[in-house]
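# Coordinate inspection notes
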Amino acid sequence: MKVKEIMVGRPVTCSPDTNLGAAVELLWNRNCGFLPIVGSDGKLNGIVTDRDICIALGTQNRLPGEICVGEVATGEIFSCALEDDIHTALGTMRKERVRRLPVVDGDGVLQGILSMDDVVFHVGAGRGRAELSYEEVVSTFKAISTPLAPLSISAKSAAA
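Residue positions are counted from 1 within each chain, in the order its sequence is given. This being a predicted model, a pLDDT of at least 70 is required before a residue's local features are given, and a value of 80 or more before pairs of side-chain atoms are given or counted; all residues contribute to the totals for chains, interfaces and linings. Hydrogens and water molecules were not included; the side-chain quantities draw on all heavy atoms of the structure.

Another aspect to go through is helix α1 (residues 20-30). Any residue under 20% of the maximum accessible area for its type is buried, any over 50% is exposed, and the rest in between are partly exposed; the area is computed with a 1.4 Å probe on protein chains only. Secondary structure follows DSSP: runs of H or I at least 4 residues long count as helices, runs of E at least 2 residues long count as strands, and numbering of each begins at the N terminus. Residues L20, A23 and L27 constitute the buried set of α1. The buried side chains of α1 occupy one side of the element, clustering within an arc of 60° when seen end-on. Opposite the buried face of α1, by more than 90 degrees, sit the exposed residues W28 and N29. On its buried side, α1 packs onto β2 (34-38), α2 (50-59) and α3 (69-72). For this analysis, a polar contact is any N or O atom pair within 3.5 Å, provided that within protein one partner can donate a hydrogen and the other can accept it, and provided that sequence-adjacent residues contribute only side-chain to side-chain pairs. You can read the cap of α1 off the contacts: a side-chain oxygen lies 2.9 Å from the backbone nitrogen of G21, and it is on N19. When we speak of the arc, we mean the arc of directions from the helix axis to the C-beta atoms. Any two residues whose heavy atoms approach within 4.5 Å are treated as being in contact.

Below you can see the structure in the form of structure tokens.
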């Protein structure tokens, strides 16, 4: 099963200079938690999540209209291609601990989004056999959802 058979095409996007207020409105209206950031050439420049926005608004003491998504976007982008096998894409999700992957073509132009929601709806689908097993999807969810060790301040450095 290929990514292109499962992904959602034509996702809502924003540009690097979209302010956080406008980005939140897009997330709200489209009921999503992830916005690809694309340039005027359609190429994927970054991503911004609802979490990125919340952290920015909670730490920067600035109004949403004063902060651009380009300032708070997730640094490293993990993506997949239209022709990638779904198992390869799930491997990337597990390894990088992400719930969504932008789907790009060979030139880096955004073609769609593959999310774990899309994957779940295709579990057990296939031509006479399950191409995507429940076990593989559950193991991916577990890998993505396993909490990272919390950051802690040692008693020694806290006392300093």
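Moving on, there is more to tell.
Our focus in this paragraph is helix α6 (residues 134-145). Multiplying 1.5 Å by the helix residue count minus one yields the expected span of that helix. Over its 12 residues, α6 extends 16 Å from the first C-alpha to the last, a length consistent with the 16 Å expected when each residue adds 1.5 Å. Among the residues making up α6, those that are buried are E136, V137, T140 and I144. For α6, the buried positions fall inside an angular range of 95° around the axis, keeping them on one side. Those residues of α6 that are exposed and aimed more than 90 degrees away from the buried face are Y134, E135 and K142.

A general trend in soluble globular proteins is that nonpolar side chains are found buried together. To define a nonpolar core, start from buried Ala, Val, Leu, Ile, Met, Phe, Trp, Tyr and Cys residues and group those joined through side-chain atoms within 4.5 Å. Formed by 19 residues in total, the largest nonpolar core has its most connected members in I86, M93 and L114. Those elements giving two or more residues to this core turn out to be α4 (86-96), β5 (100-104), α5 (116-120) and α6. Beyond its immediate stretch of four places on either side in the chain, L114 contacts V3, I6, M7, C80, I86, A89, M93, R99, R100, L101, V103 and V119. Counting residues in hydrophobic clusters, the runner-up holds 13 residues, among them C14, L35, I67 and V72.

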